[in-house]
Amino acid sequence: YAVIRLQHRLTDEQLAELTGWETLPHERLSPAADTIGRRLQVLHAVMSGQAPGVIVAAARSVVQPIPPGAARRDPVRLRKGAEWDPTELMVRLAEYAYVREDMVARRGDVAVRGGIVDVFPTTADHPLRIEFDGDTIAEIREFSVADQRSLPDGEVESAELFPCRELLLDEPVRTKAAELAAEHRANPTLAELLDSLAEGIPRDGMEALTSVLVPGERATLPMLMSADTRVVECDPDKVRR
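A closer look at the sheet that holds strand E8 (residues 136-143)
Okay, step 1: Pairing is mixed across the open sheet formed by 6 strands, whose spatial order is E4-E5-E6-E7-E8-E9. Looking at strand neighbours, the two that pair on one side only are strand E4 (99-100) and strand E9 (150-155), the edges of this open sheet.
Okay, step 2: Relative to strand E6 (residues 116-119), strand E5 (residues 109-113) is paired through 4 bridges, and the arrangement is antiparallel. The residue bridging Ala111 from the neighbouring strand is Asp118, located in E6.

Some details on the environment of Arg100
Okay, step 1: As for its position among the elements, Arg100 is in strand E4.
Okay, step 2: Along the sequence, Arg100 and Val110 sit 10 residues apart, while their C-alpha atoms lie 4.8 Å from each other.
Okay, step 3: Excluding anything up to four places from it in sequence, Arg100 contacts Met90, Val110 and Val112.

Points about the side chain of Ser144
Okay, step 1: For Ser144, the position within the fold is in the loop between E8 and E9.
Okay, step 2: Engagement of the side chain of Ser144 in a polar contact is seen with the backbone nitrogen of Ala146, the distance being 3.2 Å.
Okay, step 3: Looking at Ser144, its side chain comes within polar contact range of the side chain of Asp147, at 3.5 Å.
Okay, step 4: The contact partners of Ser144, leaving out residues within four places of it in the chain, are Arg149 and Leu151.

Conventions adopted
- Residues numbered from 1 in each chain as written.
- Predicted model: local features only at pLDDT ≥ 70, side-chain atom pairs only at ≥ 80, totals over all residues.
- Heavy atoms only, no water.
- Pairing = 2+ DSSP bridges.
- Helix = DSSP H or I, 4+ residues; strand = E, 2+ residues; numbered from the N terminus.
- Contact = heavy atoms within 4.5 Å.
- Polar contact = N/O pair within 3.5 Å; in protein donor to acceptor, adjacent residues only side chain to side chain.

Okay, here's the thing in structure tokens:
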């Protein structure tokens, strides 16, 4: 990735990396929020017709099935001066699997104190402190996780918040989870997991059930790219293996 960027003098807008999961598809672990955020940022650009000129991806990332529904969802867009009901914002972030905490410490965390919402975007280096004046965003500032203080020159005009999960627990997914839970009461572990998903509660390892919760909607990166996309294969023997 770095070599390509330097050799061809590409900017961030022209070059992107589709990272792979750091977990196996059927482990009872979920990929980290920052991994998913970066993946969905790239996939959303592809599906919205704004793909970067070059996408770098490992073979595993290229062949891994993706539920396009998550990439199709627009990120939560925040802008200074924009109208946002704080309650509606929290509902949207919950849908995107952000976890409410007393204090923001890692990507995917969100905290509320009065008219202030702290959130750590999945694709950002620093968390954001969003100060509301009623339903208007009065200020957005980056702050430090270590001491929770605003960073010097940390004021930003806008931000995008991408989901923390590739499997989003929307109404169709929750309904399907409830149906499957009723069918599999003989397997208490599976039924418990499905019951949580039916209630809209994300659980570690839930991505292993994507193919049954979102049947028929699976794609790989090449399927989402435009028809005139060129594919350059580096080290073909290794990729083939």
